[in-house]
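# Residue-level structural notes
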Amino acid sequence: MATWSTRGLRGSTLEDLINSTNEYYRRNGLCLVQKIPTPITPVKFDKEKRKITEGYFEKDSTVDYIGVVQGIPVCFDAKESKTDTFSLQNIHEHQVRFMEDFEKQGGISFLIILFTTRNDLYYMPFKELKAYLNRVEQGHPKNFKYNELSDDFFLKKNGPALVPYLEGLNLDLNLRDKDL
């Protein structure tokens, strides 16, 4: 059973940006995407600050976000990296399985990665994630480097969408159409 502590909030800045973006997209009728809360059973509670200080996860979570974009089911996870090397150990096997099953049902799965020192956002299609995971099985280290990523999937901030992932999704869908 996994134990939760305040370390678990490392990605909360990115999640705040995504939540704001999701609200903007919803208000403008572009999509409806919701944050999926991770069920936590509290063990210690700071009554003064009214917050959980220690607890455990009741079960494995799936992904951070799930919803629909113009009739297309989507799910994605938000990750942060302080360095130019992203460890694949940050992505759990049950999350990969869920994303894979989601894709088999006709949905689109992806990651949003914030490289914090560069302040760069990257939309990683599930197909790209699978390629990195597959090469680990062939002996490659359990990571990928910033310079390996496709320039096309870096998200450019433009306008009120703080994490404009619909641009990455659009490119992902166009490339999938070409593969058909």
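The structure reproduced in this document is the subject of the present report. (Residues numbered from 1 in each chain as written. Predicted model: local features only at pLDDT ≥ 70, side-chain atom pairs only at ≥ 80, totals over all residues. Heavy atoms only, no water.)

## Here's the deal with the overall build of the chain
Applicable threshold: A run of H or I in DSSP becomes a helix once it reaches four residues, and a run of E becomes a strand once it reaches two; helices and strands are each numbered from the N terminus. Think of it in three bands: with a 1.4 Å probe and only protein chains considered, a residue is buried below 20% of the maximum accessible area for its type, exposed above 50%, and partly exposed in between. Contact definition: two residues touch when any of their heavy atoms are within 4.5 Å. The method behind every accessible area is Shrake-Rupley, applied with a 1.4 Å probe, and residues are considered shielded solely by the protein chains displayed.
Each helix and strand counted, the chain has four helices and 11 strands in total. A total of 180 residues make up the chain; the buried ones form 37% of that total. Looking at the chain alone, contacts between residues at least 24 apart form 64% of all its contacts between residues at least 6 apart. Of the accessible surface of the chain, which amounts to about 10,700 Å², a share of 50% is contributed by carbon and sulfur atoms.

## A few points about the pattern of salt bridges
Formally: Salt bridge, as used here, is a side-chain nitrogen of Lys or Arg placed within 4 Å of a carboxyl oxygen of Asp or Glu.
Evaluated as defined, the whole model comprises 11 salt bridges. Among the ionic pairs, Lys35 bridges to Glu15, the shortest N-O distance being 3.7 Å. Of this pair, Lys35 sits in strand S2 (residues 31-35) while Glu15 sits in helix H1 (residues 12-27), placing them 20 residues apart in sequence. Judged by relative accessible area, Lys35 falls into the partly exposed class, the value being 29%.

## Here we look at helix H3 (residues 126-137)
Which entries qualify depends on this criterion: Multiply 1.5 Å by the residue count of a helix minus one, and that product is the helix's expected span.
Under the 1.5 Å per step criterion, the end-to-end length of H3 is 17 Å for 12 residues, consistent within 8% with the ideal 16 Å. Looking at H3, one finds that the buried residues are Phe126, Glu128, Leu129, Tyr132, Leu133 and Arg135. Contacts made by the buried residues of H3 are with helix H2 (93-104), strand S8 (108-115), strand S9 (120-125) and strand S10 (143-145). Downstream of H3 by a residue or two, Gly139 has a phi angle that is positive, lying close to 100°.

## Brief notes about the packing of aromatic side chains
Stated precisely, the cut-off is as follows: In this analysis, rings of Phe, Tyr and Trp, with Trp reduced to its six-membered ring, are considered paired at centre separations within 6.5 Å, and the interplanar angle assigns stacked below 30 degrees, edge-to-face beyond 60, and tilted for intermediate values. By the criterion adopted, a ring carries a charge over it if an Arg CZ or a Lys NZ lies within 6 Å of its centre and within 35 degrees of its normal.
Enumeration over the complete set of coordinates arrives at 15 aromatic pairs. Seen from their ring centres, Tyr24 and Tyr25 are 6.0 Å apart, and the 45° between their planes marks the pair as tilted. Residue Tyr25 is classed as buried on the basis of its relative accessible area, which comes to 4%. Within the aromatic cluster, the residues linked to one another by ring pairs are Tyr24, Tyr25, Tyr65, Phe76, Phe110, Phe115, Tyr122, Tyr123, Tyr146, Phe153, Phe154 and Tyr165. For the cation-ring pair, Lys35 lies above Tyr65, with the distance from its terminal atom to the ring centre recorded as 5.7 Å. Positioned above the aromatic ring of Tyr146 is the side chain of Arg118, whose terminal nitrogen or guanidinium carbon lies 3.8 Å from the ring centre.

## As for the side chain of Lys79
By the element assignment, Lys79 lies in strand S6 (residues 72-81). Filtering out sequence-adjacent residues up to four positions away, Lys79 remains in contact with Leu14, Phe86, Asn90, Ile91, Gln95, Ile112, Ile113 and Leu114.

## Quick word on the sheet that holds S8
Defined as follows: Any two strands with at least two DSSP-identified bridges between them are counted as paired. Structural elements are reduced to axes, namely lines fitted to C-alpha atoms, with helices fitted over the stretch in contact, and the angle between N-to-C directions of any two is expressed from 0 to 180 degrees.
On the basis of which strands lie adjacent, the open sheet formed by six strands has the order S2-S5-S6-S8-S9-S11 and mixed pairing. Of all the strands in the sheet, the pair left with one neighbour each is S2 and strand S11 (154-155). Alignment of S8 against S9, held across six bridges, turns out to be antiparallel. Paired with Leu111 across the bridge in S9 is Met124. The sheet contacts of H3 involve S8 and S9, and relative to S9 the element is tilted by about 85°. Across the face of the sheet, helix H4 (residues 165-179) comes into contact with S2, strand S5 (65-69), S6, S8, S9 and S11 while running at roughly 135° to S8.

## Some details on the nonpolar core
Looking at soluble globular proteins, one finds that nonpolar side chains tend to be buried together. Using the following cut-off: In plain words, nonpolar cores are sets of buried Ala, Val, Leu, Ile, Met, Phe, Trp, Tyr and Cys residues tied together by side-chain atoms within 4.5 Å.
Ranked by size, the top nonpolar core spans 44 residues in total, and within it Phe110, Ile112, Tyr123, Met124, Leu129, Phe144 and Tyr165 carry the most contacts. Of the residues forming this core, the biggest block, seven residues, is contributed by S8. Setting aside its immediate chain neighbours within four residues, Ile112 contacts Leu14, Ile18, Phe76, Asp77, Ala78, Lys79, Leu121, Tyr122, Tyr123, Leu155, Val163 and Tyr165.

## Quick look at the pairing of S8
Two faces, one strand: in a regular strand the side chains alternate between the faces of the sheet. Counting buried positions over the eight residues of S8 gives eight, a clear majority of the element. With burial as the criterion, each face of S8 is covered, one bearing Ile108, Phe110, Ile112 and Leu114 and the other bearing Ser109, Leu111, Ile113 and Phe115. The turn joining S8 and S9, which pair antiparallel and follow one another in sequence, is formed by four residues; a positive phi near 60° is taken by Asn119.

## So, H2
With 12 residues, H2 ought to run about 16 Å at 1.5 Å a step, and its terminal C-alpha atoms sit 17 Å apart, in line with that. In the segment just after H2, Gly106 is the residue with positive phi, at about 95°.

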